[in-house]
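# Notes for the structure review
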Amino acid sequence: MNKFQWRRVVIKVGSALIAPEKKGCSSRYLLSIAQFILRCRMHGIEVILVSSGSVAAGAHFFAESDRNDIAIKKAMAAAGQTSMMATWDRFFDFPCAQILLTHADLTDRERYESIRETVFSLLQGGLLPIINENDTVTTDDLKVGDNDNLAAMVAAAADADTLIICSDVKGLYDKNPNKHEDAKLINWVTEITEDIHAMAGGADSSVGTGGMKTKIEAAEKATSHGISTFIVNGFEENTFNELLNGRNPGTLFQPYKRPLQERLHWMTHTSKEQGELIVHGSFDEPLDQDSSQLTSDGIVEVRGEFGIGDTILVRSDDGTRLAKATSNYSSCMLTYISEQEGEDLHLQPGPLISDEDIAILEKQ
């Protein structure tokens, strides 16, 4: 057991596993996952569960004709969340704990740190953290949008070493296996390239399997933090036996050899930019090595409204995304000092951004 040398695992379970017929929660597929969680814990592996399914679990309480209404969907989530938690809870003889999040909780650094501390405290106390997006209160501006990416953000926040994403197929195929009989499963991915993204498909692609696009995005977030990421078939009981025996039953995305530091990973993959700083894009050294190169003279345009301490996108005047960074000035102040003629140094008493708060947007 633990041939993969796991220490802390995040496992993501989707709505189709929780409530396959949208008639409430079902144990049909969850029992083997619960046994997997139990056996991991028996061998000293800490587990965090990211579980979708509250909307699907609560759908049967409402008339089918009303289920596309946003307010009804939020009500479905409220009704289904307690049922989903009760379903998971009855599988275990140890306590579970519920954490409901929005994207705003993760993008605010202080709340992000609070989430980390809560998760660590739960694990230390022997509880199973069960995390879901707070669909009842979330809006378009606040939601992550899918639990694949949420699971990757949680895995990074929790300092996990492994992320397991349960899917309805064995993993990533070179073609859509539902349409092509000769589709081949890709067992190992050492680097997530444009070709890998293309295999996952997009809105106008006939290749990708539904839902695989967000799973690749999640794998990219996780692997850049040094987290090994599996995409596996959660509907097959043998999947979890294979994992427990140290074998790869799906697709394993290998982690970066040089992972991003925790704060820079948060800024790159979790924090949401509140505005943009358009600059002349030629620098002698990378911005994260010498942020003093970026001065008010180099500002072409300030876009959006942001305050001191907010995350901004630094973009060159040719459109290239250079970096995400914490701004040391408000958008109002940056606009003002960039419009002044001459070298009025008292307007800029310090750097626009600091070396320790820059995440360069390129492969590490």
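Nothing here was measured: the structure is a model prediction, and the numbers come from that model.

## Observations concerning the nonpolar core
Counting residues in hydrophobic clusters, the biggest one holds 45 residues, and the most contacted among them are I216 and F253. Here this core takes 7 residues from helix α7 (residues 147–157), the largest share from any one element. With 34 residues, the next largest nonpolar core counts V13, A56, F92 and C166 among its residues.

## Describing the pairing of strand β12 (residues 321–326)
In terms of burial, β12 is largely enclosed, as 5 of its 6 residues are buried. Where strand β11 (residues 311–316) meets β12, 5 bridges bridge the pair, whose relative direction is antiparallel. When the sheet's bridge partners are listed, L313 is paired in β12 with K324. Relative to strand β13 (residues 358–360), β12 is paired through 3 bridges, and the arrangement is antiparallel. Paired with A325 across the strands is I358, a residue of β13.

## A few points about the packing of aromatic side chains
According to the stated counting rule, one finds 8 aromatic pairs in the structure shown. Considering the side-chain rings of W88 and F91, the 6.1 Å spacing of their centres and the 65 degrees angle between planes classify their relative orientation as edge-to-face. You can see W88 and its partner F91 sitting in helix α4 (residues 70–91), 3 residues apart, about one turn around the helix. With relative accessibility at 0%, the residue W88 sits in the buried group. Aromatic side chains F91 and F92 sit 6.5 Å apart centroid to centroid with 65 degrees between the ring planes, which places their arrangement in the edge-to-face category. Cluster of aromatic residues (ring-pair linked, three or more members): W6, F36, F230 and F240.

## A closer look at unusual backbone geometry
Most peptide bonds take the trans form, and the phi angle of most residues other than glycine is negative. In this structure, D159 takes a positive phi of about 55 degrees despite not being glycine. For D159, the position within the fold is in the loop between α7 and β5 (162–167).

## A look at the packing of helix α2 (residues 30–42) against α4
Two elements in contact, α2 and α4, have axes separated by 10 Å at closest approach and are oriented at 55 degrees. Considered as vectors, α2 and α4 are oriented oblique to each other. In this structure, α2 meets α4 at a crossing whose hand is right-handed. Facing L30, L31, I33 and A34 of α2, the residues of α4 in contact are T87, W88 and F91.

## Some details on helix α6 (residues 109–124)
Helix length check: α6, at 16 residues, gives a terminal C-alpha distance of 23 Å against a target of 22 Å (1.5 Å per residue), a fit within 8%. Listed in full, the buried residues belonging to α6 are R109, Y112, I115, R116, V119, L122 and L123. Down the axis, α6 shows its buried residues gathered within 150 degrees of arc, on one side only. In α6, the exposed positions that point more than 90 degrees away from the buried face belong to E110, E117 and Q124. One side-chain oxygen of the residue at the start of α6 lies 3.1 Å from the amide nitrogen of E110, identifying that residue as D108. Count one or two residues on from α6 and you reach G126, which has phi positive near 85 degrees.

## With respect to the sheet that holds β11
Here we have 5 strands laid out as an open sheet, ordered β10-β9-β11-β12-β13, and mixed in their pairing. Bordering the open sheet on either side are β10 (299–303) and β13, each of which pairs with just one other strand. Neighbour-to-neighbour, the strand axes of this sheet turn through a mean angle of 20 degrees, independent of strand direction.

## Looking at the pattern of salt bridges
One pass over the structure, following the stated rule, counts 19 salt bridges. R28 is the salt-bridge partner of E21, the closest N and O atoms lying 3.1 Å from each other. Measuring nitrogen to oxygen at the nearest pair gives 2.6 Å for the salt bridge that ties R111 to D105. You can call R111 partly exposed: its relative accessible area is 38%. For D105, a relative accessible area of 16% translates into the label buried.

## Here's the deal with helix α9 (residues 212–223)
The terminal C-alpha atoms of α9 lie 16 Å apart, and with 12 residues this matches the ideal 16 Å at 1.5 Å per residue to within 8%. Of the residues making up α9, those classed as buried are M212, K215, I216, A218, A219, K221, A222 and T223. In this structure, the buried side of α9 is in contact with α7, β5, α8 (194–200), β7 (228–233), β8 (251–253) and α11 (262–269).

## Details of the sheet that holds β7
Across the sheet, which stays open at both edges, the 8 strands sit in the order β3-β4-β2-β1-β5-β7-β8-β6 with mixed pairing between neighbours. Bordering the open sheet on either side are β3 (96–101) and β6 (188–189), each of which pairs with just one other strand. In this structure, β6 lies alongside β8, joined through 2 bridges in parallel fashion. Note on β8: the bridge partner recorded for V189 is F253. Of the strands in this sheet, β1 (8–13), β2 (46–51), β4 (128–133) and β5 are in contact with α2, which crosses β1 at around 175 degrees.

## Here's the deal with the side chain of T223
For T223, the location among the structural elements is in helix α9. Classification of T223 by relative accessible area gives buried; the value is 2%. The residues contacting T223, other than those within four sequence positions of it, are I192, T229, F253, Q254, P255 and Y256.

Quick notes on the rules
Residues numbered from 1 in each chain as written. Predicted model: local features only at pLDDT ≥ 70, side-chain atom pairs only at ≥ 80, totals over all residues. Heavy atoms only, no water. Core = buried A, V, L, I, M, F, W, Y, C linked by side-chain atoms within 4.5 Å. Buried < 20%, exposed > 50% of the residue type's maximum accessible area, 1.4 Å probe, protein only. Helix = DSSP H or I, 4+ residues; strand = E, 2+ residues; numbered from the N terminus. Pairing = 2+ DSSP bridges. Phe/Tyr/Trp six-rings, centres within 6.5 Å; stacked < 30°, edge-to-face > 60°. Axes fitted to C-alpha atoms, helices over the stretch in contact; angles between N-to-C directions. Parallel < 35°, antiparallel > 145°, perpendicular 65-115°, else oblique. Left-handed = near helix turned anticlockwise from the far one by under 90°. Contact = heavy atoms within 4.5 Å. Expected span 1.5 Å × (residues − 1). Arc of directions from axis to C-beta. Polar contact = N/O pair within 3.5 Å; in protein donor to acceptor, adjacent residues only side chain to side chain. Salt bridge = Lys/Arg side-chain N within 4 Å of Asp/Glu carboxyl O.

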